[in-house]
Amino acid sequence: MTASAANLNAKRLYNFSPGPAVLPVSVLERVRDEMLCLPGAGASILELSHRSKQFIEIQENARQRLIRLLKIPDSHEVLFLQGGARLQFSMIPINLLRGAKDKTGSNPAVAQYILTGTWGKYAVGEAKKEGSVETIYDAKSTNYDRLPSSSELSIREDAAYVHMTTNETIQGVQFQNDLSSPAPLVADCSSDFLYRPMDISKYGLVYACAQKNAGPAGVTVVIIRKDLLERSTDNLPGYLSYKNHAAEGSMWNTPPTFAIYTLGLVTQWIEETIGGLDAMLKVNHEKASTVYNIVDKFPTMFIGHAQKDSRSLMNVTFKFATEELEKAFLKGAEARDLDSLKGHRSVGGIRASIYNAMPMAGVKLLAEYMTEFANKNG
Ligand SMILES: *Cc1c(COP(=O)(O)O)cnc(C)c1O
């Protein structure tokens, strides 16, 4: 392809992809501007040693921004890891369940899982390879369209931990508040990290791959309560030990430097351009209600997957009565530069992922198109 042909293809669409997903344009522009030479470093971020003064500063700034945005208390450590959220499905039980004992002090402890969708199911599958696991809630009977109320959960005080998925990306169901748990609460926040303020003190461990709501693929943020690091036994494979990563300031091995740099720019954008997580949440409420209002206005056209009180602000999921309508909808969307709206095959229909960086303009265009489509085909 010649340079000019490449330029013709370089039109940005409104990207509703579930992940890797949309990033703020200002962040991409900055990455572009600094790609050849990071100011002051004499080289590209791609070429820079992770031991260089410049990179150490970049990583520290990203860490500090996360600490400020989420008000992470001193009791917790922030780690930058690789392997995605999937590796955490294994690292969590390997570090926190292996060898853990229940209140008798002699029987193995149990890890409890709350299943509200596909990712939680994958997580529990990995944990079962490692130890004793109990599913304390499973929304299977209603096809994962709802969340449990706290009265539906019986959490054991002596559980090794309790695992939840704050936002089920495929089904589009989301916990909007922090749960309380007598056992260490472990939360997969991969697809809604930084969408709102969180009370980190309520969690034993929070983790998120970056490529949905916080940056590019390649880095996974783990926020772990420091006392839990003591559960990592010394005979674990080195990379799998949280204790190793914490002891070495996430430099036990070469960290994903470019992904951390970009995550740092995204957190800077949230802090300085958006104005922090309270402001981010307000924007997210406005965007989500713009789409859900249309779903509710035409309920026979757009058949929402999630029950109303369990709806996600990040992934809006709905179906049509027929496959023809779905095809026509996707075709019309494409003609309007509304991209990647097809739902996950397990749920079908449409999934509009409207993460932090999706501009209101894209959401409005989608809502206008939905209205037009419903009026024409209803
Ligand atoms: C995408 C996703 C994952 C998997 O992340 P990888 O980085 O691909 O391992 C896990 N959990 C949730 C909630 C996700 O959205």
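The structure presented is a predicted model; accordingly, all values stated were derived computationally and were not measured.

Chemist: I tried to follow the environment of glycine 204 on my own but got confused; where do I start?
Modeler: With respect to the element layout, glycine 204 can be found in the loop between strand S8 (185-188) and strand S9 (205-209). Remark: the alpha-carbon pair of glycine 204 and alanine 183, spanning 21 residues in sequence, is separated by 8.3 Å. When sequence neighbours within four positions are dropped, the list of residues in contact with glycine 204 reads His76, Pro184, Leu185, Ile223, Ile224, Arg225 and Leu228.

Chemist: Can you walk me through helix H10 (residues 360-377) in this structure?
Modeler: The first and last C-alpha atoms of H10 sit 25 Å apart over 18 residues, in line with the 26 Å expected at 1.5 Å per residue. On its buried side, H10 packs onto strand S1 (14-15), helix H8 (277-297), strand S12 (315-319), helix H9 (323-335), strand S13 (338-339) and strand S14 (350-353).

Chemist: Can you walk me through the pairing of S12 in this structure?
Modeler: Consecutive side chains of a regular strand alternate in pointing toward one face of the sheet and then the other. Where burial is concerned, most of S12 is hidden: 4 out of the 5 residues are buried. Here strand S11 (residues 303-304) runs beside S12; their pairing, made up of 2 bridges, is antiparallel. Bridge assignment links glycine 304 to a residue of S12, and that residue is phenylalanine 318. Where S12 lies against S14, 4 bridges are found, and the strand directions are antiparallel.

Chemist: Help me understand the site of the ligand in this model?
Modeler: Around the ligand lies a shell of 14 residues, among which Arg86, Thr169, Asp188, Gln211 and Lys212 are the nearest. At 2.9 Å, a side-chain N or O of glutamine 211 approaches an oxygen atom of the ligand. Between lysine 212 and the ligand, the recorded distance is 2.5 Å, taken from a side-chain N or O atom to an oxygen atom. In isolation the ligand exposes 390 Å². Once the protein is present, 88% of that is buried. Per-element accounting of the shell around the ligand gives the leading share, 4 residues, to helix H4 (residues 84-96). In terms of residue class, the shell around the ligand is made up of 4 nonpolar, 7 polar and 3 charged.

Chemist: Would you take a moment to explain the pattern of salt bridges for this structure?
Modeler: Pairing between side chains becomes possible if they bear opposite charge and their charged atoms approach one another. Across all of its chains, the model carries 21 salt bridges by this definition. In this structure, arginine 98 and glutamate 130 form a salt bridge, with 2.7 Å as the shortest nitrogen-oxygen distance. In this pair, arginine 98 sits in the loop between H4 and strand S3 (110-115) while glutamate 130 sits in the loop between helix H5 (118-128) and strand S4 (132-138), placing the two residues 32 residues apart along the sequence. What makes glutamate 130 partly exposed here is its relative accessible area of 22%. Among the ionic contacts, a cluster of salt bridges with common partners joins Arg65, Arg68, Glu271 and Glu272.

Chemist: How should the packing of H4 against H5 be read in this particular structure?
Modeler: Any two packed helices are characterised by how steeply their axes cross, that is the angle between the axes, and by the distance between the axes. Packing of H4 against H5 leaves a shortest axis separation of 8 Å and a crossing angle of 40°. Judged by the angle between their axes, H4 and H5 are oblique. Note that H4 runs across H5; the crossing there is right-handed. Residues Arg86, Phe89, Ser90 and Pro93 of H4 form the contact with H5, whose participating residues are Trp119, Tyr122, Ala123, Glu126 and Ala127.

Chemist: Mind showing me how you'd approach H9 here?
Modeler: Since the α-helix packs 3.6 residues into each turn, any two residues three or four apart lie on the same face. If you check H9, its first and last C-alpha atoms are 19 Å apart, about what 13 residues at 1.5 Å a residue would give, namely 18 Å. On its buried face, H9 sits against S12, S13, S14 and H10. Positive backbone phi, at 65°, marks aspartate 337, one or two positions downstream of H9.

Chemist: Sorry, what's going on with the domain arrangement of the protein here?
Modeler: By a frequent convention, interface size equals the accessible area lost on bringing the separate parts together. Domain parsing of the protein yields domain 1 (34-273) and domain 2 (276-377). Computed from C-alpha atoms alone, the centre-to-centre distance between domain 1 and domain 2 is 28 Å. Contact with domain 1, which involves 28 residues of that partner, is made by 23 residues of domain 2. Interface area, domain 1 with domain 2, both sides summed: about 2100 Å², of which 54% is carbon and sulfur.

Definitions and limits used
Residues numbered from 1 in each chain as written. Predicted model: local features only at pLDDT ≥ 70, side-chain atom pairs only at ≥ 80, totals over all residues. Heavy atoms only, no water. Helix = DSSP H or I, 4+ residues; strand = E, 2+ residues; numbered from the N terminus. Contact = heavy atoms within 4.5 Å. Expected span 1.5 Å × (residues − 1). Buried < 20%, exposed > 50% of the residue type's maximum accessible area, 1.4 Å probe, protein only. Pairing = 2+ DSSP bridges. Near = heavy atom within 4 Å. Polar contact = N/O pair within 3.5 Å; in protein donor to acceptor, adjacent residues only side chain to side chain. Areas by Shrake-Rupley, 256 points an atom, 1.4 Å probe, with all protein chains shown as cover. Nonpolar A, V, L, I, M, F, W, Y, C, P; charged D, E, K, R; others polar. Salt bridge = Lys/Arg side-chain N within 4 Å of Asp/Glu carboxyl O. Axes fitted to C-alpha atoms, helices over the stretch in contact; angles between N-to-C directions. Parallel < 35°, antiparallel > 145°, perpendicular 65-115°, else oblique. Left-handed = near helix turned anticlockwise from the far one by under 90°. Domains from an automatic or database assignment. Buried area = accessible area lost by both parts, 1.4 Å probe.

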